[in-house]
Number of protein chains: 2
Amino acid sequence: MPMQDMHLVHHECGDCPIRHRAVCARCEADELSRLEQIKYYRSYQAGQTVVWSGDRMDFVASVVSGIATLTQTMEDGRRQMVGLLLPSDFVGRPGRSTAAYDVTATTDLVMCCFRKKPFEDMMLSTPHIGQRLLEMTLDELDAAREWMLLLGRKTAREKIASLLAIIARRDATLKLKTAKGPLVFDLPLTREEMADYLGLTLETVSRQISALRREGIILLDGKRHVTIPDFDLLLEEAGDDSDGGVLG
Amino acid sequence: MPMQDMHLVHHECGDCPIRHRAVCARCEADELSRLEQIKYYRSYQAGQTVVWSGDRMDFVASVVSGIATLTQTMEDGRRQMVGLLLPSDFVGRPGRSTAAYDVTATTDLVMCCFRKKPFEDMMLSTPHIGQRLLEMTLDELDAAREWMLLLGRKTAREKIASLLAIIARRDATLKLKTAKGPLVFDLPLTREEMADYLGLTLETVSRQISALRREGIILLDGKRHVTIPDFDLLLEEAGDDSDGGVLG
DNA sequence: CGTAATCTTGATGTTTTTCAACGGAAGTGG
DNA sequence: CCACTTCCGTTGAAAAACATCAAGATTACG
C-alpha cells in the first residue's frame, strides 16, 4: 500500500462517533468486542485514492470521519459520481473481491476497516451485522434512485439547488442545529466534483451558483462558504415536493 | 383492492420458475414450506398500477412472471423510471409501510406476495432470507449506479444503445441462447417508457432508434420487434467498456 | 512572489427539447 | 364491414438548455 498514511489509532468502539449509525449499530457488547478484535483504522489525506475501480479490495470499511466519493469513469474520461460517503457509511461489498468504483478521499478521511474474510465470517454468525447492512443498503438504494430522478429529469438549476439542499440538511443534522434561522456551511466539493455528481460541466455549475447568488437565494462568502437565508426558497428551486430528503 | 384481477393459483415452491433466483433462493426445504404457508399470488393486467407512491403497502412480493416498473414523478409531471422489475426481482421494503415509488405492470404480471408482518417475522428467524435479500439489494444498488452513469453522462444515442443491449442480453439469458448469431427480441417498453427510463423525451428516443436502424446497427420489424445482427457493434455505440452488464 | 489550482464569465456550437403535424394499427360501436 | 377514435410512433422546424472553447480573476500555497 504505497504512499498511504496509515495510522494505528486505537479507539474503543463504545466511544466511537459512528457507533449508532454504522454497520455495527445493532451489535451487542459481546458482538462489538469481537468486531473490535478484527478492526483497524486507516487514514487518507484529502485527494488520495482509497481504491481504484477493478483493483483487488481485501477489506470493507466504515467512514469514521471525512468525506469520500464513489465515481465511475468511461474510457474517454467522462466521469459520474455515484455516491457520496459520509461518516458511518459503508464501503465495499461482502462477497466481491474487486472494487466496482473509484473511491477517493475528498477531505481528510479516517476509515474503520475489517479484512474481508473475517468480516464475512462474522456476518454469518452475527445476524445483527447483516440486518444493519441490509437496512443501510436499502437506504442507499433509495438515495441512488432519488439521484436518478435528479440526473434524468431535473434542470441544471434544480440540480444545484437540490445538491445545496442536501448538503445543508446533512450539515444541520450533524450540528444538531435548530430548525429555523439561516443555514451556514462550507461546500465539501469543488465545482468540478459537483459537476461530476450532478451530470453537468463545471462551467454550468459555476454559472448556476452565480445565478442563485445574484437572485439572493444563497449568499456566498468566498467560493465555498454558503449561507442559505430561506431554506424553503431553496427547496422550491430544487423542484422537490417540499419535504423529501435523501437523508432521513 | 378495487379492479384487481386476483388469482388464487397455488404453486408448489419446488416447481417455481424463480425458485433459484428470488428472495427464497437460499431457503432449505423446511424454510420453504414455512414461506409457502404465508404466500399468495396476485395477477395484474398490462397497464395496471400495483401501488401508487405514498400509498400504504402491506405486502412485499417477488415478480414471478412479466415486467413491472418503478417510477418517480415530480409535481409537474416529469417522470423518471428508477427500476425495471423482472422475474425474481423483489418489490417492497421490509420495515416501511408505504410505497416509495409507483409500481406499474408493463406486461401481464404475476407476483408472489407475502403480507409484510409475517414476512418480517420470518426474516428474523430465517437468516437465509435476509442474506439473499441483502445480496439482491446490493445487486440492485450496482444496477442503479450503472444507470446513474448512463443518465448523467451518456448521449441520447448511447442511452438507447445501452438499453437495447441490456434488454437483448437479458432476453438471451432467459432463452438460454447460444453466444453467437443475431439476437432477436421484442421490446417490452413503449417509446415513452423507454424515454422515462433513459431521461429523454419520446421524440428523441424515436429519432435515435430510427438513426440506429438507418445505420444498420439494429433491424426493426414493426415497432417492437428488434434484430441485432452484431452485438459488439451495438456495444460500441453504448459506450461501455466492452464486457460490462447490469445483469450478471 | 510566483505558480498552480480553482473559479468565473463570455462567445459560440451542439444536443436535446418543444411544438406541431401526420401515419398506421387496434379497438369500438353502429 | 366501416367510420371513428385512441394509442403509439415518426418526422420536421424552431427554440431552449447545456456544452465547449477561450480568456481572465481569484485563491491557495510553496
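Because the structure is a prediction, the values reported are computed rather than measured.

The rules we used
- Residues numbered from 1 in each chain as written.
- Chains lettered and ligands numbered in written order.
- Predicted model: local features only at pLDDT ≥ 70, side-chain atom pairs only at ≥ 80, totals over all residues.
- Heavy atoms only, no water.
- Near = heavy atom within 4 Å.
- Polar contact = N/O pair within 3.5 Å; in protein donor to acceptor, adjacent residues only side chain to side chain.
- Helix = DSSP H or I, 4+ residues; strand = E, 2+ residues; numbered from the N terminus.
- Nonpolar A, V, L, I, M, F, W, Y, C, P; charged D, E, K, R; others polar.
- Disulfide = S-S within 2.5 Å.
- UniProt positions renumbered as here; feature names shortened; annotations may be inferred.
- Core = buried A, V, L, I, M, F, W, Y, C linked by side-chain atoms within 4.5 Å.
- Buried < 20%, exposed > 50% of the residue type's maximum accessible area, 1.4 Å probe, protein only.
- Contact = heavy atoms within 4.5 Å.
- Axes fitted to C-alpha atoms, helices over the stretch in contact; angles between N-to-C directions.
- Parallel < 35°, antiparallel > 145°, perpendicular 65-115°, else oblique.

A few words now on the protein's contact with DNA strand C. Around DNA strand C, a shell composed of 18 residues is seen, among which A:Arg191, A:Ser206, A:Ser210, B:Thr204 and B:Arg207 lie nearest. Here the atoms of DNA strand C within 4 Å of the protein split so that 61% fall in sugar or phosphate, with bases taking the remainder. Taking A:Arg207, its side chain carries an N or O atom lying 2.8 Å from a base nitrogen of DNA strand C. The separation between a phosphate oxygen of DNA strand C and a polar side-chain atom of A:Ser210 is 2.5 Å. Mapped onto the surface near DNA strand C, the elements with two or more residues apiece are helix H6 (202-214) of chain A together with helix H6 (202-214) of chain B. With six residues, the single largest contributor to the surface near DNA strand C is H6(A). Residue composition of the surface near DNA strand C, by class: three nonpolar, seven polar and eight charged.

A few words now on the state of the cysteines. Tallied over the full model, the rule gives zero disulfides over all chains. There is no disulfide at A:Cys16, and the cysteine sulfur nearest it, in A:Cys24, is 6.1 Å away.

According to UniProt, the positions carrying the feature "domain: Cyclic nucleotide-binding" (unreviewed entry) are residues 23-140 of chain A. From the first C-alpha to the last, residues 23-140 of chain A spans 13 Å; its make-up is 29% helix and 36% strand.

The subject of this paragraph is the nonpolar core. Nonpolar side chains in soluble globular proteins tend to be buried together. Counting residues in each nonpolar core, the largest one holds 120 residues, and the members touching the most others are A:Met111 and B:Met111. Aside from chain neighbours lying at most four places away, what touches B:Met111 is B:Tyr40, B:Tyr41, B:Arg42, B:Tyr44, B:Val50, B:Phe59, B:Ala61, B:Ser62, B:Val63, B:Val64 and B:Val91. In terms of nonpolar packing, the next biggest core, distinct from the first, is built from 47 residues, A:Val64, A:Phe90, B:Cys27 and B:Met136 among them.

Here we take up the packing of helix H3 (residues 127-153) of chain A against helix H4 (residues 156-175) of chain A. All names here are of chain A. Following both chains from N to C, one finds H3 and H4 inclined at 155 degrees, their axes separated by 9 Å at the closest point. With respect to each other, H3 and H4 are oriented roughly antiparallel. Between H3 and H4, the residues in contact are Trp147, Leu150, Leu151 and Arg153 and Glu158, Lys159, Ser162, Leu163 and Ile166, respectively. For the contact of H3 with H4, the residue count by class is five nonpolar, one polar and three charged.

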